[in-house]
Amino acid sequence: MPTSFYICSYSKILIMTKNFVQELQWRGMVHDVMPGAEEHLMEEMRAAYVGIDPTADSLHIGHLVGVMMLKHFQLAGHKPYALVGGATGMIGDPSGKSAERNLLDEKTLRHNEDALKEQLSRFLDFESGEANAAVLVNNYDWMKNFSFLEFIRDVGKHITVNYMMAKDSVKKRLSSDAKEGMSFTEFTYQLVQGYDFLYLYQNHNCSLQMGGSDQWGNITTGTELIRRIGGGKGYALTCPLITKADGTKFGKTEGGNIWLDAERTSPYKFYQYWLNTSDEDAEKYIKIFTFLSQKEIEDLVAEHKEAPHMRALQKRLAEEVTVMVHSKEDLDNAIKASNILFGKSTSEDLKQLNEKTFLDVFDGVPQATIAKDELEPGLDMIGALAAKTSFLGSNGEARRELKQNSISVNKEKVKDDYLITASDLINDKFVLLQRGKKNYFVLVVE
């Protein structure tokens, strides 16, 4: 690990506590870095930015790598800028995509910007007043009054079409294998992103842009504009695109993206996503998505290899990321929810779950709906198990299972004389029936 050192700059002493590039390198977070960038960052406090797509009012875990890079940058004593791509969001980045995205109006972009800053503030210090406090900017603010004629005169003339065509993101979209071509709007994307870098360099002394490896071409267009128009030097650093060992897409499930917004993806589902990673992926992800030290991670990897069935890596990864994105309380609730299916739990544990988490835990479990007034006199167990729900095949089977003491209501064993009433309702709506350890059925009461 790089050690602390001191730099004297005139009368001001700047303390650099970490070598930012080395920190990212041991974590497996560097794909390409422009020569001279590491030395540039060790000289004094620098400013860098990462662009964030504003097409939704929440980040998803695909954004987390860029956010972690900004956080490490701030922890190393530097000043991070989070750039919400309001203007570029109106165009659509061709990098890694086969078709154009939907374009957004300004009202939607502004709403998304506010929501994204709130989420980013969980990771980055925006409010302390320190010299390296984070800043949120939106490129729509400096692009909205930039006329087309001014842009092609002041920016476009400095970059040749040959230079733009040589970028991989453009070549892939124009190749004979591409299903669709590229509009002029998307073709200009790299110029707009390049101008962002120039603008931040000139107005905020921002000398480094970071992003995924698919952004290298766009970032270097920015460094070229800084050289040609700004007469200065800009730097680029990219991280590898995050993949999964089994070839499926990182951050996606059958239900779609894993979002940081608890309303879109519950903390329980968020926790489960990380808990269910493979051994190979967990060893990689715990370096990227946590702030654990190199020694802590090495010890965890060793512990995991001694007893892989205990899944120490996955558990620690899921815990760290869930607390970082949500809270310790949300983590505790997610663990309790997990134990409802996979461990010992009580009726009280069930009743503490909110509706969304309850439905997430029992996603895919068979259901039946009954009217709430049927609970007023009390619903007998034969009706609950068979006649009213078809959870079990017949009244006779229901009686046998009850006699064998294998039926539970809300995780509590019941006899054949038990009556389900409104007091059994979870979230005033659900009753959980169970046969044995693994057969569940949800009674929805409306």
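Residues numbered from 1 in each chain as written. Predicted model: local features only at pLDDT ≥ 70, side-chain atom pairs only at ≥ 80, totals over all residues. Heavy atoms only, no water.

Broken down by element type, the chain carries 21 helices and 17 strands. Viewed in the frame of its principal axes, the chain has a C-alpha envelope of about 85 × 50 × 45 Å. When burial is assessed residue by residue, the chain has 50% of its 446 residues classed as buried. Summarising the internal contacts of the chain: among those between residues at least 6 apart in sequence, 71% fall at separations of at least 24. As displayed, the chain has an accessible area near 21,500 Å², and 49% of this comes from carbon and sulfur atoms. Averaging the positions of the 52 positive and the 63 negative side-chain charges in the chain gives two centres separated by 3 Å. (Helix = DSSP H or I, 4+ residues; strand = E, 2+ residues; numbered from the N terminus. Buried < 20%, exposed > 50% of the residue type's maximum accessible area, 1.4 Å probe, protein only. Contact = heavy atoms within 4.5 Å. Areas by Shrake-Rupley, 256 points an atom, 1.4 Å probe, with all protein chains shown as cover. Lys, Arg positive; Asp, Glu negative; His and termini not counted. Charge placed at Lys NZ, Arg CZ, Asp CG, Glu CD.)

So, about the environment of Asn139. When you line up the elements, Asn139 lands in the loop between strand S6 (135–138) and helix H6 (140–143). Judged by its relative accessible area of 0%, Asn139 falls in the buried class. Sequence-wise, Asn139 and Phe358 are 219 residues apart; in three dimensions their C-alpha atoms are separated by 41 Å. The contacts of Asn139, once residues within four sequence positions are left out, are Leu83, Val84, Gly85, Gly86, Ala87, Thr88 and Asp196.

Bringing a nonpolar patch on the surface into the picture now. Side chains of Phe148, Leu149, Ile152 and Phe184 sit close together on the surface and give an oily, nonpolar patch of about 460 Å² of accessible area. If one sorts the elements of the nonpolar patch by residue count, helix H7 (residues 148–154) sits on top with three residues. By secondary structure assignment, the location of Phe148 is in helix H7. Assessed through its relative accessible area of 52%, Phe148 is described here as exposed. (Patch = residues over 30% accessible without salt bridge, like charges linked within 9 Å, V, L, I, M, F, W, Y side chains within 5 Å. Salt bridge = Lys/Arg side-chain N within 4 Å of Asp/Glu carboxyl O.)

Next up on the list: the packing of aromatic side chains. Taken as a whole, this structure holds 20 aromatic pairs when the rule is applied. Note on Tyr273 and Trp274: the rings are 5.7 Å apart at their centroids and 90° apart in plane angle, and the pair reads as edge-to-face. Trp274 carries the same exposure label as Tyr273, and that label is buried. Lying over the aromatic face of Tyr235, Lys233 brings its terminal NZ or CZ to 5.4 Å of the ring centre. When the ring centre of Trp259 is taken as reference, the NZ or CZ atom of Arg264 above it lies at 4.4 Å. (Phe/Tyr/Trp six-rings, centres within 6.5 Å; stacked < 30°, edge-to-face > 60°. Lys NZ or Arg CZ within 6 Å of the ring centre and 35° of its normal.)

On to the confidence of the model for the chain. Residue-level pLDDT values for the chain average 89, and 92% of them are 70 or greater. Every residue in residues 1–15 scores below 50 in pLDDT, and together they form 24 contacts with partners more than four places removed in sequence or on other chains. (pLDDT = per-residue confidence, 0-100.)

Sheets are built from strands paired through backbone hydrogen bonds, the pairs being either parallel or antiparallel. Taken together, five strands build an open sheet; the order of strands is S11-S17-S16-S13-S14 and the sheet is mixed. With one partner strand each, in any of the chains shown, strand S11 (367–370) and strand S14 (412–413) form the two edges of the open sheet. Taken together, the four bridges between S11 and strand S17 (residues 439–445) define a ladder with parallel strand orientation. Considered in S17, the bridge of Thr369 is made with Val444. (Pairing = 2+ DSSP bridges.)

So, about the sheet that holds strand S7 (residues 206–212). The six strands are arranged S3-S8-S7-S4-S5-S6 in an open sheet whose pairing can be described as mixed. Every other strand in the sheet has two partners, leaving strand S3 (32–33) and S6 as the edge strands with one partner each. Against the sheet, helix H12 (residues 216–230) touches S3, S7 and strand S8 (235–239), its axis set at about 170° to S8. (Axes fitted to C-alpha atoms, helices over the stretch in contact; angles between N-to-C directions.)

Next up on the list: the UniProt feature "domain: Tyrosine--tRNA ligase SYY-like C-terminal" (unreviewed entry) in the chain. The sites that carry the UniProt feature "domain: Tyrosine--tRNA ligase SYY-like C-terminal" (unreviewed entry) are, in the present numbering, residues 360–442. Measuring from the first to the last C-alpha atom of residues 360–442 gives 12 Å, for a span that is 22% helix and 28% strand. (UniProt positions renumbered as here; feature names shortened; annotations may be inferred.)

Next up on the list: the environment of Tyr189. Position of Tyr189 relative to the elements: it lies in helix H11 (residues 189–204). The sequence separation of Tyr189 and Tyr285 amounts to 96 residues, and the corresponding C-alpha distance is 31 Å.

This brings us to the UniProt feature "binding site: ATP" (unreviewed entry) in the chain. Feature annotation in UniProt places "binding site: ATP" (unreviewed entry) on Lys252, given in this structure's numbering. Structurally, Lys252 is set in strand S9 (residues 252–253). Residue classification places Lys252 among the partly exposed positions, given a relative accessible area of 34%.

For the rest of this paragraph, the subject is the nonpolar core. In terms of nonpolar packing, the biggest core is built from 89 residues, with Phe20, Ile61, Leu64, Met210, Trp274, Phe289 and Val321 touching the most fellow members. Two domains each donate at least three residues to this core, and these are domain 1 (20–241) and domain 2 (253–343). Not counting residues within four places of it along the chain, the set of residues in contact with Phe289 comprises Ile61, Leu64, Val65, Met68, Ile242, Phe250, Trp274, Val321 and Met324. Counting 23 residues, the second-largest nonpolar core is a separate cluster that includes Ile407, Val409, Val414 and Leu433. (Core = buried A, V, L, I, M, F, W, Y, C linked by side-chain atoms within 4.5 Å. Domains from an automatic or database assignment.)

Domain boundaries in the chain define domain 1 (20–241), domain 2 (253–343) and domain 3 (358–445). The straight-line distance from the C-alpha centre of domain 1 to that of domain 3 is 54 Å.

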